[in-house]
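# Working through the structure, step by step
The lines below spell out each chain.
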2 protein chains.
Amino acid sequence: MARPTPLSGFPEWLPDGRIVEQHVLDVLRRTFELHGFVGIETRAVEPLDQLLRKGETSKEVYVLRRLQEEAGAEPDRAGTLGLHFDLTVPFARYVLENAGHLAFPFRRYQIQKVWRGERPQDGRFREFVQADIDVVGAGALPYHYEVELPLVMAEALGALRAIGVPPVRILVNNRKVAEGFYRGLGLTDVESVLRNIDKLDKIGADAVAALLVAEAGADETQARACLELAAISGSDESVIDRVRALAGESNDLLDEGLAELGALIRAAAVRAPGVVVADLKIARGLDYYTGTVYETILVGHEQLGSICSGGRYDTLASDGANTYPGVGLSIGVSRLVSRLLSGGLVTATRSVPSAVLVAVSNEEARDRSDAVATALRARGIPVEVAPSAAKFGKQIRHADRRGIPFVWFVGEDQSADQVKDIRSGEQVDADAATWTPDDADLWPRVVPA
Amino acid sequence: MARPTPLSGFPEWLPDGRIVEQHVLDVLRRTFELHGFVGIETRAVEPLDQLLRKGETSKEVYVLRRLQEEAGAEPDRAGTLGLHFDLTVPFARYVLENAGHLAFPFRRYQIQKVWRGERPQDGRFREFVQADIDVVGAGALPYHYEVELPLVMAEALGALRAIGVPPVRILVNNRKVAEGFYRGLGLTDVESVLRNIDKLDKIGADAVAALLVAEAGADETQARACLELAAISGSDESVIDRVRALAGESNDLLDEGLAELGALIRAAAVRAPGVVVADLKIARGLDYYTGTVYETILVGHEQLGSICSGGRYDTLASDGANTYPGVGLSIGVSRLVSRLLSGGLVTATRSVPSAVLVAVSNEEARDRSDAVATALRARGIPVEVAPSAAKFGKQIRHADRRGIPFVWFVGEDQSADQVKDIRSGEQVDADAATWTPDDADLWPRVVPA
């Protein structure tokens, strides 16, 4: 077998990169759980017809077939299956399927891989990890969750600052503001306006204006007003006044949206100052959002695109009898981690868990080394035993190559054991029943590079 | 959308079941890391030709295609992709691909989902989680790892006894013993003998004897000798003597295998007494094992099949210039967890992380409740805030339904806060800056049911 080469779009990390990713996931999980979100996992596959309900993502789906569908076998009752392309569609299905067993409002987090058959680019993969939080209600869901959820994400991403992750800005908008404003202008094809405003960063204001005229039924004045709205941003309530001034005559939808947006800005100024910014150009492509929408940029890495997006949805999950409105955000973990690693922002202090390598004097005495390792592990110290009774210099190099800070030398009897810090060269008597490394050396740490 | 129904073979857990599974995964991860194994993840897909190298699993593979392969797009350079059906094949590929960046012997653990298009049965799924450990050497790998790895698994599974997981027996054999014995009998189609001996539990001794005659070139006497070997088992070194007595004349391969098997039994008797049992009928279907092989039964649940299997392999990963021999075991996490849940063996003390529900007196005062929640979380206490300012009785029921033990009532000023243990009804003054629940109530625990 020739040496295999990586598959474009399917990122994999070396062990030290995986330590970074695992740390990111651990921090996210802990933050989510501190906020009372319970973890769930859904299967990787959904019936294709469910994945295609939204239409526009159809070309991204990977479809599965069994290599040998046997002639005599019963066909898959569920029909064709595809890999999920996000965690929202499977979560909506999970809620409907298990509604009778869940307590609402249901707070869940979900950290899993998703797949999209897109052309790979920087920060855009075919297989990647998402970390989602959502709150879903039965029948109704109060607005305050639209305030709470981005603040949970602000806290989660803020907790990563300690390892060298740049600060983030969570950009927020409200579909009711946009729709109320457009309708106030006399524009009725709101979806088309949103879809074209969403292209602002890619094609620029003039091209969007032309599209609004060509596709969304706008005249020049209406198109310019849409662009002026999209140009409004800020992190205090003056944003609300500027939208009002631009809108002229008000309407119920606009009023409701502005009240919501104002509440979010006020709460964020107290609980996550400087993190949440109202940005009226945020549209989000998918059409199921009905209230607040979110995107998140990594400051200094804006070209990477959003690393945490989401919004309020009212009709994603419905079984006819009941509707389950929700609000959620999704962190693009692979996009973030890939930038942390490729940008040299973050590093792990070593590439293995072990704090100690127990040396082996000769193979006949390996059981003495094993016993030391067992004693250290029983007290929560990660340890491995040398692979062979090579010269001690070689055993020390074995530790050094992996970043293992300590090498343990087993004496003739237990009182003659010694441990060497191979960074300083200091070697001291040590007893496996009591010796403990510094906290900073116990486990690999993830730190700014 | 009608209420969806589960897909056979694709298990999903309700939140309390997922808490159990997550706890199992956490215990495994911690044990593996204490033993110096570093976690890696590989992509879910491999080129189909790599997945099919072994032939016999071909019908189990799920093949991927993009729903809309666009006419103008470049084709996938790597050709057809399939979902991995185990973690060993991708790990072997990862080792070859990254050999220049890894330090050998390389100790890794890997916890991921795998997929097999098999007909679902009890404990046999189409999508399931495996937890693997392997040690791989460059060029050579000492035998002592074949002793170490099952003992790591014994410790990991032993650590789960505390939550109600039944004891396990790790059944071990050695391919060299089997092959040396068969060759000593004059049988040369060793693979065929192994493949048929592997069917003993399913079809019984007489049917296997007939197959050995029909397919493996054995006469009646040879077939009976193979069955007598397969009947030998025990957890002390008398097993070695019984094999020797049965074999009559010895040979180098048999001697080497018996020396290895003896060393494993001796070490296991000290380090995991009663857990490791030599069982000469263990064959393992896959043909790449070359030394020790392992299967693991859950005592009292033998019909479930092996929950942790593996072995020593010499030729799985080779790039022509270099060979990477290894030894590894894989826990079938979904099979184990599914039995723990369906058998009512294990339970979670609640279905959400939250230890405290902070009540809300009226929506205008929600920010006071949020502030209490923030203060508690800052000290590591998982908290959620009530969804609405309903009557307190309803808010208490909200906590009760989820198993949240404490409800916090926010006073007019901070000194008037109180917390109620809703199990005992006891309500006391409390300060969010200092109050702490009992350790047993801080996080949901996983306990024997």
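Residues numbered from 1 in each chain as written. Chains lettered and ligands numbered in written order. Predicted model: local features only at pLDDT ≥ 70, side-chain atom pairs only at ≥ 80, totals over all residues. Heavy atoms only, no water.

## Quick look at the side chain of Asn174(B)
Residues and elements named next belong to chain B. Cut-off, in case you're wondering: Secondary structure follows DSSP: runs of H or I at least 4 residues long count as helices, runs of E at least 2 residues long count as strands, and numbering of each begins at the N terminus. Polar contact criterion, stated in full: a pair of N or O atoms within 3.5 Å, where within protein one must be able to donate a hydrogen and the other to accept it, and residues adjacent in sequence count only if both atoms are side-chain atoms. For this analysis, residues touch if any pair of their heavy atoms sits within 4.5 Å.
With respect to the helices and strands, Asn174 occurs in strand 7 (residues 168-174). In this structure the side chain of Asn174 is engaged in a polar contact, spanning 2.8 Å, whose partner is the backbone nitrogen of Lys176. In terms of polar contacts, Asn174 uses its side chain to reach the side chain of Glu260, at 3.0 Å. If we skip the residues at most four places from it in the chain, Asn174 touches Gly257, Glu260, Leu261, Gly291 and Thr292.

## Brief notes about helix 5 (residues 175-185) of chain B
Worth spelling out the cut-off: Think of it in three bands: with a 1.4 Å probe and only protein chains considered, a residue is buried below 20% of the maximum accessible area for its type, exposed above 50%, and partly exposed in between.
Looking only at helix 5 of chain B, the buried set comprises Arg175(B), Lys176(B), Val177(B), Ala178(B), Gly180(B), Phe181(B) and Tyr182(B). Contact partners of the buried residues in helix 5 of chain B: strand 7, helix 6 (190-197), helix 9 (220-230), helix 10 (238-247), helix 11 (252-271) and strand 10 (289-298) of chain B.

## Regarding helix 13 (residues 366-378) of chain A
Residue and element names in this part refer to chain A. This is how the line gets drawn: Expected helix span is computed as 1.5 Å times (number of residues minus one). Picture the helix axis, draw a direction to every C-beta atom, and the arc is the one those directions span.
Taking 1.5 Å per residue as the helical rise, helix 13 with its 13 residues ought to reach 18 Å, and the 18 Å between its terminal C-alpha atoms agrees with that figure. Among all positions in helix 13, only Arg366, Ser369, Asp370, Val372, Ala373, Leu376 and Arg377 are buried. What you see down the axis of helix 13 is that its buried residues fit within an arc of 160°, all on one side. Across from the buried face of helix 13, at angles greater than 90 degrees, the exposed residues are Asp367 and Ala378.

## Side note on empty space enclosed by the protein
We apply this condition: Think of a 1 Å grid over just the protein atoms. A cavity is a set of points where a 1.4 Å probe fits yet cannot get out, a pocket is an open set with protein on both sides within 12 Å along at least five of seven lines, and lining residues have an atom within 4 Å of a point. Grid points are joined across faces, edges and corners, and a volume is the space filled by probe spheres set on the points.
Throughout the structure, instances matching the rule amount to eight cavities of 30 Å³ or more. Here the largest cavity defines a volume of roughly 120 Å³. Lining the largest cavity are 13 residues, with Pro11(A), Trp13(A), Glu21(A), Lys113(A) and Glu41(B) positioned closest to its centre. Mapped by element, the contributors of at least two residues to the lining of the largest cavity are helix 1 (15-34) and strand 6 (127-136) of chain A. The element that contributes the greatest number of residues to the lining of the largest cavity is strand 6 of chain A, accounting for three residues. Considering only enclosed or pocket space, the second largest cavity measures out at about 100 Å³ in volume.

## Considerations on the packing of helix 4 (residues 144-159) of chain B against helix 11 of chain B
Residue and element names in this part refer to chain B. Definition in use: Angles shown run from 0 to 180 degrees and are taken between the N-to-C directions of axes, each axis being a line fitted to C-alpha atoms and, for helices, limited to the stretch in contact. With the far helix as reference, a near helix turned anticlockwise by less than a right angle produces a left-handed crossing, and one turned clockwise produces a right-handed crossing. Note on residue categories: nonpolar means Ala, Val, Leu, Ile, Met, Phe, Trp, Tyr, Cys or Pro, charged means Asp, Glu, Lys or Arg, and polar means any other residue, Gly included.
Packing of helix 4 against helix 11 leaves a shortest axis separation of 9 Å and a crossing angle of 35°. Seen along the crossing, helix 4 lies across helix 11 with a hand that is right-handed. On helix 11, the residues touching Glu146, Val147, Pro150 and Leu151 of helix 4 are Glu260, Leu264, Ala267, Ala268 and Arg271. Its residues assigned to classes, the contact of helix 4 with helix 11 shows six nonpolar, no polar and three charged.

## Quick word on the environment of Leu185(A)
All names here are of chain A. Mapped onto the elements of the fold, Leu185 is located in helix 5 (residues 175-185). In this structure the C-alpha to C-alpha distance between Leu185 and Asp26, which are 159 residues apart in sequence, comes to 47 Å. The contacts of Leu185, once residues within four sequence positions are left out, are Gln222, Ala225 and Cys226.

## Considering the packing of helix 5 of chain B against helix 11 of chain B
Residues and elements named next belong to chain B. What counts is decided by this rule: Small angles under 35 degrees read as roughly parallel and large ones over 145 as roughly antiparallel, with 65 to 115 read as roughly perpendicular and the rest as oblique.
Following both chains from N to C, one finds helix 5 and helix 11 inclined at 150°, their axes separated by 7 Å at the closest point. On the basis of their axis angle, the class for helix 5 and helix 11 is roughly antiparallel. Classified by chirality, the crossing of helix 11 by helix 5 is left-handed. Contacts between helix 5 and helix 11 involve Lys176, Val177, Glu179, Gly180 and Phe181 from the first element and Leu253, Leu254, Glu256, Gly257, Leu258, Glu260 and Leu261 from the second. Partitioning the contact of helix 5 with helix 11 into residue classes produces six nonpolar, two polar and four charged.

## Quick word on the confidence of the model for chain A
To keep things clear, this is the line we draw: The quantity known as pLDDT measures the predictor's confidence residue by residue, on a range of 0 to 100.
Predicted confidence across chain A gives a mean pLDDT of 93, with 96% of residues reaching 70 or more. Scored below 50 in pLDDT, residues 70-78 of chain A makes eight contacts in the model with residues more than four places away or belonging to other chains.

## Some thoughts on the relation of the copies chain A and chain B
Note that the two copies of the chain are related through a rotation about an axis and a translation along the same axis. Applied cut-off: Only residues with pLDDT of at least 70 in both copies count here: their C-alpha atoms drive the least-squares fit that superposes the copies.
Rotating chain A by 180° about the axis while translating it 0.0 Å along that axis superimposes it on chain B, leaving an RMSD of 0.1 Å. Seen this way, the second copy is the image of the first under a two-fold rotation axis. Ranked by how close their C-alpha atoms come to the rotation axis, the residues of chain A are headed by Leu64(A), at 2.4 Å. Comparing contact sets, 100% of the residues at the interface of chain A also lie at the interface in chain B, consistent with an isologous, same-surface contact.

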